[in-house]
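Structural overview for review
Residue strings, one per chain:
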Amino acid sequence: MDEKTNFYHLTREEWQSFYRNGTAPLTDEELQQIKSYNDTISLQDVQDIYIPLTHLINIYMKEYESLHLSKGLFMQKFLPSSPFIIGVAGSVAVGKSTTARLLQMMLSRIFKRRHVQLITTDGFLYSTDELTKQGILNKKGFPESYDMEKLLSFLNAVKNGGDNLKIPIYSHEIYDIIPGEFETISQPDILIVEGINVLQSPANQHIYISDFFDFSVYVDADPKLIESWYLKRFEDLLVLAKNDKTNYYYEYANGPREDALAMARRVWKDVNLKNLNEFILPTRSRADVILHKALNHEIDEIYLRKF
């Protein structure tokens, strides 16, 4: 059975027609500041795609709060409110970080009384030293390269109202966890969790990350297109690393460009594409909404889960 039989297939025009009352709660300058290196996005995209998406999220939030209240009435006790968690998944370089940051900004401004925070699961990657010790440095990004127990414990603490929760910070510049630095999550009303692994079902886990999600988005595109975006981002990173000796990409930036690009193509084929085909794409059907991208990162199709 086709995985997408459980989805309504919508064109961009159909999707944007569902909700036309909102206006973009940010400027074009702000939008360009939060987008990823290799992404392309406009205020028209915000109007056509993300305004209806935030309206749909609001519908899910109302249903979530109603069900939570009903459970309390059933149990004849007061149940403290629990954060609404949104998962944003997709391949490396597909633009999911832009989607996550944009949703955070929009939801914060549309729902001014809601405390909205964003984390990326990169912070739960094992350190380079630990990956080397386990012999899986060449599988960075694969399910086994994440400390899933720590991530699940964190999400459980968030759902149960934990405050001042500290999570590690990952740096793409040093390609590793930053020692001794943490991000603090303080009882958000809405938490956005972005990462390639957020909809995966790792082996030997009784609880999955997605069990904690109340809404999820998968950012999709043809793998050939994603590869081109990945290589473009890699070249952009080389430019940034040119004069920074602490940057992981410094040696590649100052060596033969063809050698650097050949290395990037190998990493895409042997690591990122393999991870996409084996572990990320199979999770696409678990999302509530799939945003499909075409050339220039234009979202041309949307898939909305039926049930």
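Scroll up for the structure.
Residues numbered from 1 in each chain as written. Predicted model: local features only at pLDDT ≥ 70, side-chain atom pairs only at ≥ 80, totals over all residues. Heavy atoms only, no water.

Once that is clear, we can look at the overall build of the protein. Tallying secondary structure elements over the protein gives nine helices and nine strands in all. Its C-alpha atoms give the protein a radius of gyration of 20 Å, within 12% of the compact-globule value 19 Å for 307 residues. The 307 residues of the protein split such that 50% are buried. Within the protein, contacts between residues at least 6 apart in sequence are counted, and of these 72% link residues at least 24 apart. Approximately 15,700 Å² of the protein is accessible, and the part contributed by carbon and sulfur atoms is 51%. If you average the places of the 34 positive and of the 42 negative side-chain charges in the protein, the two averages end up 2 Å apart. (Helix = DSSP H or I, 4+ residues; strand = E, 2+ residues; numbered from the N terminus. Rg over C-alpha atoms; globule rule 2.2 N^0.38 Å. Buried < 20%, exposed > 50% of the residue type's maximum accessible area, 1.4 Å probe, protein only. Contact = heavy atoms within 4.5 Å. Areas by Shrake-Rupley, 256 points an atom, 1.4 Å probe, with all protein chains shown as cover. Lys, Arg positive; Asp, Glu negative; His and termini not counted. Charge placed at Lys NZ, Arg CZ, Asp CG, Glu CD.)

In this structure the tally under the stated criterion is ten aromatic pairs. With centroids separated by 4.4 Å and ring planes inclined at 25°, the aromatic side chains of Y175 and Y248 adopt a geometry described as stacked. Separated by 73 residues along the polypeptide, Y175 in the loop between β4 (165-171) and β5 (176-185) and Y248 in the loop between α7 (223-241) and α8 (250-253) bring together distant segments of the chain. On the basis of relative accessibility, which here comes to 26%, the residue Y175 falls in the partly exposed class. When its relative accessible area of 37% is taken as the criterion, Y248 is described as partly exposed. (Phe/Tyr/Trp six-rings, centres within 6.5 Å; stacked < 30°, edge-to-face > 60°.)

Turning to the sheet that holds strand β7 (residues 215-221), a few remarks are in order. The strand order across the open sheet built from seven strands is β1-β9-β8-β7-β2-β6-β3, with neighbouring strands paired in mixed fashion. Unpaired on one side and paired on the other, β1 (7-11) and β3 (116-120) mark the two borders of the sheet. Neighbour-to-neighbour, the strand axes of the sheet open up by a mean angle of 20°, direction not taken into account. Bridging between β1 and strand β9 (residues 299-305) involves five bridges; their strand directions are antiparallel. Residue pairing for β9: F7 is matched across the bridge by R305. Across the face of the sheet, helix α4 (residues 96-110) comes into contact with β2 (84-90), β3, β6 (190-194) and β7 while running at roughly 170° to β6. (Pairing = 2+ DSSP bridges. Axes fitted to C-alpha atoms, helices over the stretch in contact; angles between N-to-C directions.)

Sheet topology note: the β4/β5 ladder contains six bridges and is antiparallel. Along β5, the bridge assignment pairs L165 with I185. Count of turn residues in the β4/β5 antiparallel hairpin: four residues, of which Y175 carries a positive phi of about 60°.

So, on to the side chain of K140. Assignment of secondary structure puts K140 in the loop between α5 (128-134) and α6 (148-159). Polar contacts involving the side chain of K140 include one to the side chain of Y170, which spans 3.1 Å. Here K140 is in contact with L125, T128, L131, S145, Y170, Y175, D176 and V271, once residues within four sequence places are set aside. (Polar contact = N/O pair within 3.5 Å; in protein donor to acceptor, adjacent residues only side chain to side chain.)

So, on to helix α3 (residues 43-75). If you check α3, its first and last C-alpha atoms are 46 Å apart, about what 33 residues at 1.5 Å a residue would give, namely 48 Å. In the structure, α3 departs most strongly from a straight axis at Y50, where the bend amounts to approximately 35° and where the proline P52 lies between one and four residues downstream. One or two residues past the end of α3 sits Q76, with phi positive at roughly 55°. (Expected span 1.5 Å × (residues − 1). Bend = angle between axes of the 7 residues up to and from the residue.)

Turning our attention to the packing of α3 against α4. At a closest axis distance of 11 Å, the pairing of α3 and α4 adopts a crossing angle of 65°. Pair α3 / α4 crosses with right-handed handedness. Between α3 and α4, the contacting residues are V46, Y50, I51, L53, T54 and I57 on the first element and T99, L102, L103, M106, L107 and I110 on the second. Counted by class, the contact of α3 with α4 contains ten nonpolar, two polar and no charged residues. (Left-handed = near helix turned anticlockwise from the far one by under 90°. Nonpolar A, V, L, I, M, F, W, Y, C, P; charged D, E, K, R; others polar.)

What follows covers the packing of α7 against helix α9 (residues 257-280). Between α7 and α9, whose axes approach to 10 Å, the crossing angle comes to 135°. In terms of axis orientation, α7 runs oblique to α9. In the packing of α7 onto α9, the handedness of the crossing is right-handed. When α7 is examined against α9, the residues P223, I226, E227, Y230, L231, F234, E235 and L238 are found in contact with a partner set consisting of R257, A260, L261, M263, A264, R265, V267, W268, N272, L273 and L276. Across the contact of α7 with α9, the residue classes tally to 14 nonpolar, one polar and four charged. (Parallel < 35°, antiparallel > 145°, perpendicular 65-115°, else oblique.)

No statement about biological role is implied by the geometric values presented.
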